[in-house]
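Read off the chains here:
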Amino acid sequence: MIKKGLYEVWKGVERNLLGILYPSRCPFCDGVLGISNCIGICSNCEKEVEFVKEPYCKKCGKPIENEVDELCVDCMERKFSFEYGHAVFVYNYSMKNAVARFKYNGRYEYAEYFAGQAVKMYENWINKISPDALIPVPIHKSRYRQRGYNQAQVIAESIGAKLGIDVINNLIIRVKQTLPQKELSVIERHKNLYGAFDIVEEMKELYRELKCVIMIDDIYTTGSTIEACADILKGSGIDKVYFLCICIGKK
Ligand SMILES: [Zn+2]
Ligand SMILES: [Zn+2]
């Protein structure tokens, strides 16, 4: 009993010390949050956050104008091989800045808030699907060296830890350095991602039991990235590929 008590006191002290040394920051204004703030966002920004809500596309999860359409324009025109997926936030102006800091300015700690909100919104859905693993969209190794982390992996690990789901980082790799999809036309986007991902052959045997996974990424733009990964995963014997992205555009 005493041992546990002391341990808990120590954990509390450690948490507070860490909070002083590495204060967590609000993803939307980058302001330092107080130690007592456990939701991971400041009260001003909390009002500004735009969550994805219904009606949304049944395939990609993008908010749509009316409830009559099941799918957004993009998903009506294109056939994807992934099952379907969800996103947490609308990619608005403040989200754009938050994601830019998260990816390019070393603010990987934002993942805690992003993952926390993802779990809050989609825990039931994730449990219903009951995936064998979460698979973050990989980044190219040169980008990893430059950035020091894969933003999708940090989110996946946080979600995985909260829900007790394995995260697999070594089954698919990004073999081609790609340009940001948003700067390209539709045809260029296909070309850009063609051959961008590959399965790690030596890992196929280890993960042969995998049947159902959820891909994790930071932004859903056209679906081409998730689709390229889903193609590879399905080709290696995985039956169901869903996705969960932190943010998505609005139609
Ligand atoms: Zn804020
Ligand atoms: Zn859609």
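The following refers to the structure shown. (Residues numbered from 1 in each chain as written. Chains lettered and ligands numbered in written order. Predicted model: local features only at pLDDT ≥ 70, side-chain atom pairs only at ≥ 80, totals over all residues. Heavy atoms only, no water.)

With respect to the coordination of the zinc ion (ligand 1)
Okay, so step 1: Within the protein, the zinc ion (ligand 1) binds to Cys 26 (SG), Cys 29 (SG), Cys 42 (SG) and Cys 45 (SG); these donor distances fall in the range 2.3 Å.
Okay, so step 2: Geometry at the zinc ion (ligand 1) is tetrahedral, judged from the four donor atoms that bind it and their angles of 101 to 114 degrees at the metal.
Okay, so step 3: Donor residues for the zinc ion (ligand 1) sit on one chain with the sequence pattern C-x2-C-x12-C-x2-C. Here Cys 29 is found in the loop between α1 (2–21) and α2 (43–46), whereas its partner Cys 45 is found in helix α2, with 16 residues between them in sequence.
Okay, so step 4: Note on Cys 29: relative accessible area 41%, which makes it partly exposed.
Okay, so step 5: A relative accessible area of 10% means that Cys 45 is categorised as buried. (Donors = N, O, S within 2.8 Å, 3.2 Å for Na, K, Ca; no water. Tetrahedral: all angles 85-135°; square planar, octahedral: opposite > 155°, others 65-115°. Helix = DSSP H or I, 4+ residues; strand = E, 2+ residues; numbered from the N terminus. Buried < 20%, exposed > 50% of the residue type's maximum accessible area, 1.4 Å probe, protein only.)

A word on helix α7 (residues 151–163)
Okay, so step 1: For α7, which comprises 13 residues, the first-to-last C-alpha distance of 19 Å matches the rise-based estimate of 18 Å (1.5 Å per residue) to within 8%.
Okay, so step 2: In this structure, the buried side of α7 is in contact with α4 (93–104), α5 (110–129), β2 (133–136), α6 (141–147), β5 (212–220) and β6 (240–248).
Okay, so step 3: Between the side-chain oxygen at the start of α7 and the backbone nitrogen of Ala 152 there is a gap of 3.0 Å, and the oxygen is on Asn 150.
Okay, so step 4: The positive-phi residue at the C-terminal boundary of α7 is Gly 164, with phi of around 70 degrees. (Expected span 1.5 Å × (residues − 1). Contact = heavy atoms within 4.5 Å. Polar contact = N/O pair within 3.5 Å; in protein donor to acceptor, adjacent residues only side chain to side chain.)

Quick look at the sheet that holds β2
Okay, so step 1: Pairing is parallel across the open sheet formed by four strands, whose spatial order is β1-β6-β5-β2. Two strands close off the open sheet at either side, each with one partner strand: β1 (85–90) and β2. The average angle at which neighbouring strand axes cross in this sheet is 20 degrees, direction not considered.
Okay, so step 2: Here β2 pairs with β5 via four bridges, running parallel. Residue pairing across strands places Ile 135 opposite Met 215, the latter belonging to β5. (Pairing = 2+ DSSP bridges. Axes fitted to C-alpha atoms, helices over the stretch in contact; angles between N-to-C directions.)

Some details on the pattern of salt bridges
Okay, so step 1: Inspection of the entire model under this criterion finds nine salt bridges.
Okay, so step 2: A salt bridge links Glu 83 to Lys 234; the shortest N-O distance between them is 2.5 Å. Note that Glu 83 is positioned in the loop between α3 (73–77) and β1 and Lys 234 in helix α10 (residues 224–235), a separation of 151 residues in sequence.
Okay, so step 3: Owing to a relative accessible area of 19%, Glu 83 belongs among the buried residues under this scheme.
Okay, so step 4: Where Lys 204 meets Glu 201, a salt bridge forms, and the shortest distance between an N and an O atom there is 3.7 Å. (Salt bridge = Lys/Arg side-chain N within 4 Å of Asp/Glu carboxyl O.)

A look at the coordination of the zinc ion (ligand 2)
Okay, so step 1: Looking at the zinc ion (ligand 2), one finds its protein donor set to be Cys 57 (SG), Cys 60 (SG), Cys 72 (SG) and Cys 75 (SG), positioned 2.3 Å from the metal centre.
Okay, so step 2: For the zinc ion (ligand 2), the four donor atoms are set out with angles of 104 to 115 degrees between them, so the coordination reads as tetrahedral.
Okay, so step 3: The sequence pattern formed by the donor residues of the zinc ion (ligand 2) is C-x2-C-x11-C-x2-C. With Cys 57 in the loop between α2 and α3 and Cys 75 in helix α3, this pair connects stretches of sequence that are 18 residues apart. Grouping residues by exposure puts Cys 57 and Cys 75 together as buried.

Any link to function would need more than the numbers given here.
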